[in-house]
Amino acid sequence: MDQLLLIRGGVPLRGRVRVNGSKNASLPIMAATLLTDESTVIEDVPNLLDVSSMIAVLKGLGASVDYRPGQGRLWVTPGSLQQASLPVELAGRMRASFLVLGPLLARRKKVRIPLPGGCAIGSRPVDLHLKGLSALGARFHIEKGLVEGASDGLQGARIYLDFPSVGATENIIMAAALARGTTILENAATEPEIVDLANCLNSMGAQIVGAGTSRIRIEGVPELGGTRHVVIPDRIEAGTLLLAGVITGGSVIVEHVIPDHLKALLAKLAEAGAKVEELGPSTIKASAGERIAAVDLKTMPYPGFPTDLQPQFMSLLALAEGTSVVVETVFENRFRHVEGLNSMGAQIKVEGRQAVIHGRPALTGAPVSATDLRGAAALLLAALAAQGETKLNEVHHLWRGHCGLEERLALLGARIELISEEPERALNMGSHSG
Ligand code: EPZ
């Protein structure tokens, strides 16, 4: 039986909702626990498919891991990391598993992990990771989709990233934390999740200065200890929930957010005519104004407009007054949600990294299929606003990055339920399939 979300749209969402801990802060911090053989406790870790995948990766490396989803609390005790290689079946599922490379290189002389597969939003190479780690003294051999790394002890270095890659910045910081000497990382990614990782590493005894800027200085230390760290709120889930209020013509208050992390989204929402208010240091309200006005959007590395909110904002623009142009500069193929939006009556035309959206007065519910996490969120938002019923298939993509989203949306008034259905193909194949 396939699970899918059944949404009957057209209800303005209203109310308060708490944002979960950040997926993209939790995953690198989970990898960072490997940098010590002591125990680390991480709080407010969201109960996501990607978190489960990373737990499997840590266990596959010999760490003992205990996770209490109800409390959001995760314990990791890596131990001696005897097993410094990762089976393909564990790493293939999720690109973020590549974030264990830096920590393993810092603690083991030899490492073997699979190259992450590409995924729905592009090829997503790891050349910047390998270039940065090589500058620290690691040597790599790649064959048959496996990365074999070796090091006789990492040395600090001056590294300049060709692109401010989030993952490469994270891998390099983690490796440099235990390298001998000083590392200066230039053109580093400045996302809040990098700052959260650096704060966690510093609480373990690392000496990292400048995280959140494009120049990060890391003084290597001989060893790191355990810690207790609370991950930051998920700014992408916060933005998605705020957009749910605006796209349905309602008004949603999100709690447990860091407004500073959402500046680009809030500015774009205001430009489009939504009403945005900071009700407190960790509470934001967004309400629909008159009809949303078309606006142009270009995704950029932080603090620019986040690529992870581009699909969701495009759903809003599908209902805007006028024509909008969206340019996706971070990933080469992040418009796969357009097909589903157009089947709901949107008028969107993709030309390379640019999408032109002719706003429509309304969308109509339809059966659609998700292709990736943020695309799933975009289709869900469109379904909440559409007239009539939408079946969102392949909904497992949504659960990579959101847990309990359908319940929280229902509490805001959404008519949404998780159902199971015989897969179409089985029915069409008739009884001979057995
Ligand atoms: C992180 O992915 C996030 N994932 C992504 O969120 C996010 O979209 C992305 O950063 C950009 O903000 C996690 O944090 C787990 P990158 P990452 O390295 O680290 C190219 C979500 O939905 N590149 O900054 O993989 C790459 O191909 C996910 O939560 C290289 O060319 O992103 C891409 O075009 C999706 N060589 C661009 O840089 C490299 O060595 C950005 O990649 C590395 C990256």
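Keep in mind that this is a model prediction, so the values were computed, not measured.

Cut-offs and rules
Residues numbered from 1 in each chain as written. Predicted model: local features only at pLDDT ≥ 70, side-chain atom pairs only at ≥ 80, totals over all residues. Heavy atoms only, no water. Helix = DSSP H or I, 4+ residues; strand = E, 2+ residues; numbered from the N terminus. Polar contact = N/O pair within 3.5 Å; in protein donor to acceptor, adjacent residues only side chain to side chain. Contact = heavy atoms within 4.5 Å. Pairing = 2+ DSSP bridges. Domains from an automatic or database assignment. Buried area = accessible area lost by both parts, 1.4 Å probe. Salt bridge = Lys/Arg side-chain N within 4 Å of Asp/Glu carboxyl O. Nonpolar A, V, L, I, M, F, W, Y, C, P; charged D, E, K, R; others polar.

*Asks:* Got a minute to help me understand the side chain of T33 in this structure?
*Replies:* Within the element layout of this structure, T33 appears in the loop between α1 (23–32) and β3 (40–43). At 2.6 Å, the side chain of T33 and the backbone oxygen of M30 are in polar contact. Residues contacting T33, with those up to four places away along its chain left out, are T40, I42, L58, V76 and P78.

*Asks:* Quick question: what am I supposed to make of the pairing of strand β1 (residues 2–8) here?
*Replies:* Consecutive side chains along a regular strand alternate between the two faces of the sheet. Note: β1 against strand β23 (residues 415–421), seven bridges, orientation antiparallel. Following the sheet pairing, Q3 is matched in β23 by S420. Pairing analysis gives four bridges linking β1 to strand β22 (residues 389–393), with the strands arranged antiparallel. In the strand pairing of β22, I7 is matched with T390.

*Asks:* For this particular structure, what's the right way to read the domain arrangement of the protein chain?
*Replies:* Many descriptions give the size of an interface as the accessible area lost when the pieces come together. The assigned domain composition of the protein chain is domain 1 (3–20 + 233–432) and domain 2 (23–230). Put simply, the middle of domain 1 and the middle of domain 2, counted by C-alpha atoms, are 30 Å apart. Between domain 1 and domain 2 lies a buried interface of about 1,900 Å² when both sides are counted; carbon and sulfur atoms form 54% of it. The shortest N-O distance in the salt bridge between R235 and E193 comes to 2.8 Å. Contributions of two or more residues to the side of domain 1 that touches domain 2 are made by α12 (373–385) and α13 (396–399). A class-by-class count of the residues in the side of domain 1 that touches domain 2 yields seven nonpolar, eight polar and 10 charged.

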